[in-house]
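Remarks on the overall topology
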Amino acid sequence: MSDATPDSSFGTSDVVIILVTVALSVAYLFRKSLFSPKAEARKEPSLVPSQGAKIAPKKNRNFIEKMNETDKNAVIFFGSQTGTAEDLAARLAKEGEQRYGLRCLVLDPEDCDMELLDQLPSDKIAFFVAATYGEGEPTDNAAQFFELLSEEEPEFSNGADPEGDGKPLKNLKYVVFGLGNKTYEFFNAIGRLIDSKLTDLGAQRIGERGEGDDDASMEEYFLAWKDPMWKEVCEVMGLHQTTQGEQAVTFTYKLSEHDEKVPPSKVYCGELSERPDSEASSYDAKNPYLAPIKLTRELFNESDGSCIHAEVDIKGTGMSYETGDHLGIFPVNSDAEVIRLAKTLGLLKDNKLDKVITVENVDANATKRYPFPVPTTYRVMFRHYLDICALPSRQFFSDLATLANNEPSKAYLKKLGEDKDFYHEEVVVPCHNVGEMLERLEEAQASIPEGERMTVPIPLLIEGLGRLQPRYYSISSSGTVHPDTVHITAVVLRYQTPSHPDRIRYGVATNYLYSIHRHMEGTAIEESNKPFPSYYIHGVHDQEVVEAATNDANLLIKVPSFVRKSNFRLPTDSRKPVIMIGPGTGVAPFRGFVQERVYQAEQGKDVGPTMLFFGCRRRDEDFLYADEWDAMFQKLPNSEMITAFSREQEHKIYVQHRLKERQSQVWNLIHNEGGYVYVCGDAKRMAKDVHKVIVDMAVESGAFGEEEANEYVKKLRTGGRYQEDVWA
């Protein structure tokens, strides 16, 4: 028999059809990377200088290898949302090295394989400096570590229970300091969870667990905790204090000025990331999107305050948000504070403010070589990178005192560092920032000839101040209704302290946004003629680009932004009743909630009752979005907005009073119809008062005992039916 021959009907056209089919299939499989908005976003210009920029090598996530390569016997992990925990971790590392001979490595757990904790040998130690965020949540960079510990049987590198004793971390020695705020119900929840989980897994805690309270003074709690802790660590690790008495502080960073001309394309002008964002798959706090401000408007402007509505354009970026999320915005420091600090450091006299500089770690083995993108200039460093408006710590003044070269400066700085009452009166009560304190240091040296006065080393200043951190705002729009823009609502913070009623203090981020608003509406004027500071609002650009665009009021106004996911969520079942309590700017997320509910109703979904309790001083003064609510609520069945205008009658009325007046209705929605309660705003008073009203409802309308009522509300919380988005 002859071999079979191919069917002659299978010709060229069939091959073409097959190839086209395969090509379409491949395109479908990779459609997200080929056609998604993120792919388009990658075509945007990089946030880093275009010339000479290099893609950073892939990070080594094995912290055990890093410790061995750099001969470290201690690793300090930080969980930080606002930068405080990271700063404290750096301080622990420096003190451990200088005073006790410990060799420390400071690491972000997000950059590490935390499953390797079971490989840390018993002659080494781990520190955990962890903040609690929101309603007992971990910080963004500690979320994966939190998930690992929260598993029923955490799987480490050698398995969940390699020896069958339930103690996979029995070789681990650790120290823990938690950061929290007693105003919140879940005070220091993350620090406590890390401690209890590690202990359950066989690890040995050294010293007492530290717990800082930001509602009082995080600094004082930290200082009171660390000395006894170091004593315990020394005993267990066989360490001895290597320095006795006062010794000049050593620097973590070194600063060098560039005498040769550096090409402008290689100088960082405020970029927040050293890695090219053209390779980024998403935007976050480490790689924010330079977002255009599409629109701003003033919601009210009274003698004692104003409020701004702003819309950030995210179209084409691949960014998305859900109703209830937060927007993080990196602000800049005001021109006045930049100049104040530069003047105290002698940079104006020497005309060095725009001098190109590089700042780097003196430790060649440090995992974080640069504190911020370099090379840059003094001006950009003070404007974009350092938190120059924060209160300097007592530790900062103690370190400065060791470098004082005359008795008046030494006495003043030592007293600030050692006497907490004096520090409280000089720094905390008047809210003096570092520039103002250096002015006071100059006053303390008035009797000393100018050429012999103490000069403050800028590297120590960089270390003591820390990075300028993003500010978070509850998003006031629905991600479904407004997918291309993110709306935020911000009260412009200006206040006077009792000790200095003649001086106005300005919130960094909100006055930055207000300055943008004034510029966009064409009313920006010289700082000397207006009651608020001026800000550099043109984003990240070199000076030549900015000067070329000064005639266009709306050009180049961009803010580094990113979306932070939240657990503050509407019920997945739209039929469930929703009760929202949000006075003042606490109403911001509820504007998004109501927009979302209206959209659901317009799409034909069954939408349950929606109640919004809003409060402000007067309806004709600070009633936020007053022109929007009626139209939206008319589209929602069995729904209403209940207002409390506190100053329109002799006795002040607040949202908690209105809530109490509707007790029967609200209790029925919660208890009988499975309703959800949402609270947004002040944590110290309003949120606590609302919580008490709900507990009282359970007692009076539900016939619960006091203990049972509290347990009932607690179960609402754990079940996601009582949610808070509050701030202290």
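Report on the accompanying structure. Computed from a predicted model, the values in this text were never measured in an experiment. (Residues numbered from 1 in each chain as written. Predicted model: local features only at pLDDT ≥ 70, side-chain atom pairs only at ≥ 80, totals over all residues. Heavy atoms only, no water.)

When the terminal C-alpha atoms of helix 23 (residues 706-718) are compared, their 19 Å separation across 13 residues agrees well with the 18 Å that a helix rising 1.5 Å per residue should span. Of all the residues in helix 23, the buried ones are A709, Y712, V713, L716 and R717. With its buried residues spanning 145 degrees around the axis, helix 23 presents them on a single face. Within helix 23, the exposed residues directed more than 90 degrees away from the buried face are E707, K715 and T718. Where the residues of helix 23 are buried, they touch helix 21 (663-672), helix 22 (686-700) and strand 23 (722-727). Remark: G720 follows helix 23 within two positions and exhibits a positive phi of approximately 80 degrees. (Helix = DSSP H or I, 4+ residues; strand = E, 2+ residues; numbered from the N terminus. Expected span 1.5 Å × (residues − 1). Buried < 20%, exposed > 50% of the residue type's maximum accessible area, 1.4 Å probe, protein only. Arc of directions from axis to C-beta. Contact = heavy atoms within 4.5 Å.)

One open sheet holds the five strands; their spatial order is 21-20-19-22-23, and the pairing between them is parallel. Looking at the sheet topology across the chains shown, the edges are occupied by strand 21 (640-645) and strand 23. Sheet twist, expressed as the mean angle between neighbouring strand axes with direction ignored, is 10 degrees. Note: strand 22 (residues 676-682) against strand 23, six bridges, orientation parallel. Paired with V677 across the strands is Y722, a residue of strand 23. Set on the sheet, helix 22 makes contact with strand 19 (578-581), strand 22 and strand 23; between it and strand 22 the angle comes to about 155 degrees. (Pairing = 2+ DSSP bridges. Axes fitted to C-alpha atoms, helices over the stretch in contact; angles between N-to-C directions.)

A large share of strand 18 (residues 558-564) lies buried, amounting to six of its seven residues. Pairing of strand 11 (residues 326-329) with strand 18 involves four bridges; the strand directions are antiparallel. Following the sheet pairing, H326 is matched in strand 18 by R564.

On to the packing of helix 11 (residues 394-401) against helix 15 (residues 458-465), then. Relative to each other, helix 11 and helix 15 sit at 160 degrees, their axes nearing to 10 Å. It follows that helix 11 is roughly antiparallel to helix 15 by the angle criterion. The way helix 11 lies across helix 15 gives a crossing that is right-handed. Every residue of helix 15 that contacts helix 11 at F396, D399 and L400 is listed here: L460, L461 and G464. (Parallel < 35°, antiparallel > 145°, perpendicular 65-115°, else oblique. Left-handed = near helix turned anticlockwise from the far one by under 90°.)

Our focus in this paragraph is the packing of aromatic side chains. For any two aromatic rings, the description comes down to two numbers: the centre-to-centre distance and the angle of the planes. One pass over the full model with this rule turns up 30 aromatic pairs. Measuring from centroid to centroid gives 6.1 Å for Y133 and Y472, while their planes differ by 65 degrees, and the two rings are edge-to-face. Placement of the pair is Y133 in strand 3 (residues 125-133) and Y472 in strand 14 (residues 471-474), with a sequence separation of 339 residues. Measuring from centroid to centroid gives 5.6 Å for F590 and F593, while their planes differ by 70 degrees, and the two rings are edge-to-face. Here F590 pairs with F593, and both are found in helix 18 (residues 588-602), just three residues apart, close to one helical turn. With relative accessibility at 0%, the residue F590 sits in the buried group. Three or more aromatic residues joined by ring pairs form one cluster here, namely F63, F77, F128, F145 and Y174. (Phe/Tyr/Trp six-rings, centres within 6.5 Å; stacked < 30°, edge-to-face > 60°.)

Let's shift gears to helix 6 (residues 143-150). When helix 6 is considered as a whole, its buried residues turn out to be F145, L148 and L149. In an axial view of helix 6, the angular spread of the buried residues amounts to 95 degrees, which keeps them on one side of the axis. Exposed positions of helix 6 whose direction lies more than 90 degrees from the buried face are Q144 and E147. For helix 6, the secondary structure elements touched by its buried residues are strand 3 and helix 7 (189-200).

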